[in-house]
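Examining the three-dimensional arrangement
Chain by chain, the residues run as shown.
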Amino acid sequence: MVKNNLPDAPSINLLGAGTTLKGDITSSGDFRIDGTMVGSINSKGKIIVGTTGKIDGDVVCQNADISGELKANITVTELLTLKATAKIHGDIRTGKLAIESGASFSGTCSMEEPSFKREKLVLENEKPIVKEKIL
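Residues numbered from 1 in each chain as written. Predicted model: local features only at pLDDT ≥ 70, side-chain atom pairs only at ≥ 80, totals over all residues. Heavy atoms only, no water.

What to know about the side chain of serine 27
Residue placement: serine 27 occurs in strand β3 (residues 25–27). Within the local environment of serine 27, its side chain forms a polar contact with the backbone nitrogen of glycine 29, the two atoms lying 3.1 Å apart. Residues within four places of serine 27 in sequence aside, it is in contact with Asn13, Asn42, Ser43 and Lys44. (Helix = DSSP H or I, 4+ residues; strand = E, 2+ residues; numbered from the N terminus. Polar contact = N/O pair within 3.5 Å; in protein donor to acceptor, adjacent residues only side chain to side chain. Contact = heavy atoms within 4.5 Å.)

Some words on the pattern of salt bridges
On inspection of all chains with the given rule, the structure shows 4 salt bridges. The salt bridge involving aspartate 34 is made with arginine 32; its shortest N-O contact spans 2.9 Å. Lysine 46 serves as the salt-bridge partner of aspartate 65, at 3.1 Å between the closest nitrogen and oxygen. Of this pair, aspartate 65 sits in strand β10 (residues 63–66) while lysine 46 sits in strand β7 (residues 46–49), and the two are 19 residues apart along the sequence. Exposure remark for lysine 46: the relative accessible area of 29% places this residue in the partly exposed category. (Salt bridge = Lys/Arg side-chain N within 4 Å of Asp/Glu carboxyl O. Buried < 20%, exposed > 50% of the residue type's maximum accessible area, 1.4 Å probe, protein only.)

A few points about the pairing of β10
Both faces of the sheet carry side chains from a regular strand, because those side chains alternate between them. The alternating pattern of β10 places Asn63 and Asp65 and Ala64 and Ile66 on opposite faces, both of which are buried. Bridge analysis of β7 against β10 gives 4 bridges, and the strand direction is parallel. Bridging from a neighbouring strand, isoleucine 48 pairs with aspartate 65 of β10. Both β10 and strand β12 (residues 74–82) contribute to a ladder of 3 bridges, which runs parallel. Bridging from a neighbouring strand, isoleucine 66 pairs with leucine 82 of β12. (Pairing = 2+ DSSP bridges.)

A few points about the nonpolar core
Judged by nonpolar contacts, the single largest core of 21 residues is most densely connected at Ile41, Ile55, Val59, Ile66, Leu70, Ile74 and Leu80. Going through the elements one at a time, β4 (30–33), β7, β9 (59–61), β10 and β12 are the ones with two or more residues in this core. The element that contributes the greatest number of residues to this core is β12, accounting for 4 residues. Dropping the residues within four chain positions of it, isoleucine 41 is found in contact with Ile25, Phe31, Ile33, Ile47, Ile55, Asp58, Val59 and Val60. (Core = buried A, V, L, I, M, F, W, Y, C linked by side-chain atoms within 4.5 Å.)

Here's the deal with the pairing of strand β14 (residues 92–99)
With 7 bridges joining them, β12 and β14 adopt parallel strand pairing. Across the sheet, isoleucine 74 pairs through a bridge with isoleucine 92, a residue of β14. Bridge analysis of β14 against strand β16 (residues 109–111) gives 3 bridges, and the strand direction is parallel. Across the sheet, isoleucine 92 pairs through a bridge with cysteine 109, a residue of β16.

Points about the sheet that holds strand β5 (residues 36–38)
As summarised here, the arrangement of the 6 strands in space is β2-β5-β8-β11-β13-β15, forming an open sheet in which the pairing is parallel. Strands with a single pairing partner mark the edges of an open sheet, and in this sheet they are β2 (20–22) and β15 (104–106). Note: strand β11 (residues 69–70) against strand β13 (residues 87–89), 2 bridges, orientation parallel. Residue pairing for β13: glutamate 69 is matched across the bridge by lysine 87.

Laid out in structure tokens, this is it:
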């Protein structure tokens, strides 16, 4: 027997065109926004902002495809894709960035590997290298 209602299964969520939401969202699944959102969104999945979608608040997620407008700082741990119709007003922090011709953003952009990839491992037989500071 297959169990359909798994509490830990990520969900797919939608904020439809013509709908306005005021408040913050936390989601473990993917989220598509075609309406207007005033508030922050934090997702462990992918956030898609359609051409009619608008967000006025911070965005934090694993992956994102933006076709609409963001007045927000956006943090994407893996891949951020700005489609040709995307307009971002805020700072971008991402692992990877793909920008189509026509997309625009105003703000700063920093590209970093996710923190788990940045950690350096020290092997058992190796001693860490210590550099002395000369004053």
